[in-house]
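Chain by chain, the residues run as shown.
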Amino acid sequence: MAEPEVKKSKVADGETPKKAIITGITGQDGSYLAEFLLEKGYEVHGIIRRSSSFNTQRIDHIYRDRHESAVRLKLHYGDLTDSTNLMHIIYEVQPDEIYNLGAMSHVKVSFEMSEYTAEADGVGVLRLLNAIRSAGLEKKTRLYQASTSELYGKVQEIPQKETTPFYPRSPYGVAKQFGYWMLVNYREAYGMHLTNGILFNHESPRRGPTFVTRKITRAVARIHRGKQKTIYLGNLDAKRDWGHARDYIKGMWLMVQRDEPSDYVLSTGECHSVKEFVEESFKYVGMEITWAGEGVEEYGHIKDDPENIVVKVDPRYFRPTEVELLLGDCSKAKAELGWVPEITFEELVKDMMKSDIANVDAGHDHL
Ligand code: NDP
Ligand code: GDR
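I will try to describe carefully the structure that is included in this document. (Residues numbered from 1 in each chain as written. Chains lettered and ligands numbered in written order. Predicted model: local features only at pLDDT ≥ 70, side-chain atom pairs only at ≥ 80, totals over all residues.)

1. Examining the site of ligand 2
Then comes step 1: Close contacts around ligand 2 come from 22 residues, with S105, T148, V212, G234 and A238 the closest.
Then comes step 2: Only α4 (107-112) and α7 (212-224) provide two or more residues apiece to the shell around ligand 2.
Then comes step 3: The element contributing the most residues to the shell around ligand 2 is α7, with three residues.
Then comes step 4: Class assignment of the residues belonging to the shell around ligand 2 gives a composition of eight nonpolar, eight polar and six charged. (Near = placed C-beta within 6 Å. Helix = DSSP H or I, 4+ residues; strand = E, 2+ residues; numbered from the N terminus. Nonpolar A, V, L, I, M, F, W, Y, C, P; charged D, E, K, R; others polar.)

If you want it as structure tokens, here you go:
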């Protein structure tokens, strides 16, 4: 996949760049945020986990470019489950801003790895907050926490906004709720500049391949090129407020720049079902889907070709407790940050489909 070139930084000669630490820099959001901050002239410090194989594919294009940006992109081995390591990195870097994007971020997997998810996604936040305090940086270092619409879980109110009560429906959601409240508590107790971004689902060509949108666009690209027949999915009726990760990264940064810290929802205000995402993806390659059957027997076939079944349900992908509907109201972010999502649902699907077709054609579509 061709990666965008990182533009020249905006830091003026002789000016000391701001320093930011990003946890989760190897993930979807972390990689876009690293590009964004480098362009703004930041010195970026990424925390990466040691892995037995390379896990830096999403940031290799900025790390390798030594002449332009690599001197301002430094990587440190670390983990949100290791306090001493976090304390050491924070003390050494003395960051102006920390973006805590690191997490075991898969809702379904969190049911299988509940204790680890609590450690990384919940207690990990507390470890970072204590590390800032231990380094004596509570008046200097601002922290952004990747909170989530999964906090809303079981529907209490539609659309969901900052004042909507939480009712998480997974170990992931519960762990994130611990992090959310820890942040609020430390902000009130110690006057620290801490911000929860309550972000609704956001996707991109860099989305992990096991999240539903990317799973769909990868499969549709393969089906279109004749390399796969059918895609197996779970709950086809779940509805999500899907935006583009590029829009949301900017919102994270805007939150951290506010004089007074607060918590903000970022969303598009539009929601679609998994079925609609499937339909839109097939539409991109000129195929129309018709649905038939019910429940676990439901399936999707190509219109006028009932034998050509391209979508089937596999209950293996159902969750013990599901979040059926997420739809956000980002009025506060619009009013206070001037943030608006710019990329539409249709444009998001196009961007992902275009990229996944290019991946298939380049032979980068291994399942
Ligand atoms: P990804 O799954 O793409 O990336 C997660 C990142 O966290 C990876 O860099 C991963 O490293 C790292 N990580 C995992 N476990 C640990 C750990 N124990 N210590 C340190 N780092 C760890 O997620 P996204 O980029 O999509 O999301 C970023 C954050 O935003 C996450 O916290 C997620 O929960 C949250 N969020 C995401 C939303 C979305 O729609 N994308 C919406 C709302 C919130 P490695 O590459 O080694 O696995
Ligand atoms: P989500 O994203 O759980 O909302 O969490 P995901 O794409 O995994 O699921 C969205 C909805 O699609 C349904 N679904 C399937 N999901 C997956 N992964 N695979 C399938 O085959 C499938 N079939 C149907 C799910 O049941 C669900 O209802 C994401 C993550 O990025 C979190 O970290 C983040 O906090 C939230 O978004 C906001």
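Still to come is the rest of the account.
2. Quick word on the site of ligand 1
Then comes step 1: Taken together, the neighbourhood of ligand 1 is formed by 25 residues, with G24, G27, G102, A103 and A146 sitting nearest.
Then comes step 2: Elements with a minimum of two residues in the shell around ligand 1: α1 (28-39) and β5 (142-148).
Then comes step 3: Looking at the shell around ligand 1, the element that brings in the most residues is α1, giving three residues.
Then comes step 4: Within the shell around ligand 1, the residues separate by chemical class into seven nonpolar, 15 polar and three charged.

3. With respect to the sheet that holds strand β14 (residues 299-302)
Then comes step 1: Spatially, the four strands line up as an open sheet ordered β8-β15-β14-β13, and their pairing is mixed. Only two strands of the sheet have a single partner each, and these edge strands are β8 (231-233) and β13 (289-292). Neighbour to neighbour, the strand axes of the sheet diverge by 40° on average, direction disregarded.
Then comes step 2: Looking at chain direction, β13 and β14 are connected through four bridges and run antiparallel. When the bridges of β14 are listed, W291 appears paired with G300.
Then comes step 3: Sheet contacts for helix α9 (residues 274-284): β8, β13, β14 and β15 (305-313); angle to β13, the most-contacted strand, approximately 150°. (Pairing = 2+ DSSP bridges. Axes fitted to C-alpha atoms, helices over the stretch in contact; angles between N-to-C directions. Contact = placed C-beta atoms within 7 Å.)

4. Quick look at unusual backbone geometry
Then comes step 1: Note that the residue after I158, namely P159, is joined by a cis bond; omega there is -5°.
Then comes step 2: As for its position among the elements, P159 is in the loop between β5 and α6 (171-190).
Then comes step 3: Even without being glycine, Q94 reaches a positive phi, approximately 50°.
Then comes step 4: Mapping Q94 onto the fold places it in the loop between α3 (83-93) and β4 (97-100).

5. A short note on the sheet that holds strand β2 (residues 43-48)
Then comes step 1: The strand order across the open sheet formed by seven strands is β3-β2-β1-β4-β5-β6-β11, and the pairing between neighbours is parallel. Every interior strand has two partners, whereas the edge strands, β3 (73-77) and β11 (264-266), have only one. Geometrically, the sheet is characterised by an average inter-axis angle of 20° between neighbouring strands, direction not taken into account.
Then comes step 2: The strands touched by α3 are β1 (19-23), β2 and β3; relative to β1, the strand with the most contacts, the crossing angle is about 160°.
Then comes step 3: Sheet strands in contact with α6 are β5 and β6 (194-199), and its direction is about 150° off that of β5.

6. Details of α3
Then comes step 1: Taken together, the buried positions of α3 are occupied by L86, I89, I90 and V93. Looking down the long axis of α3, one finds its buried residues gathered within 95° of arc, a one-sided arrangement. Along α3, exposed side chains directed more than 90 degrees from the buried face belong to T84 and E92.
Then comes step 2: On its buried face, α3 is in contact with β1, β2, β3 and α5 (114-134).
Then comes step 3: Once α3 finishes, Q94 follows within two positions and takes phi at roughly 50°, a positive value. (Buried ≥ 20, exposed ≤ 12 C-beta atoms within 10 Å, placed from the backbone. Arc of directions from axis to C-beta.)

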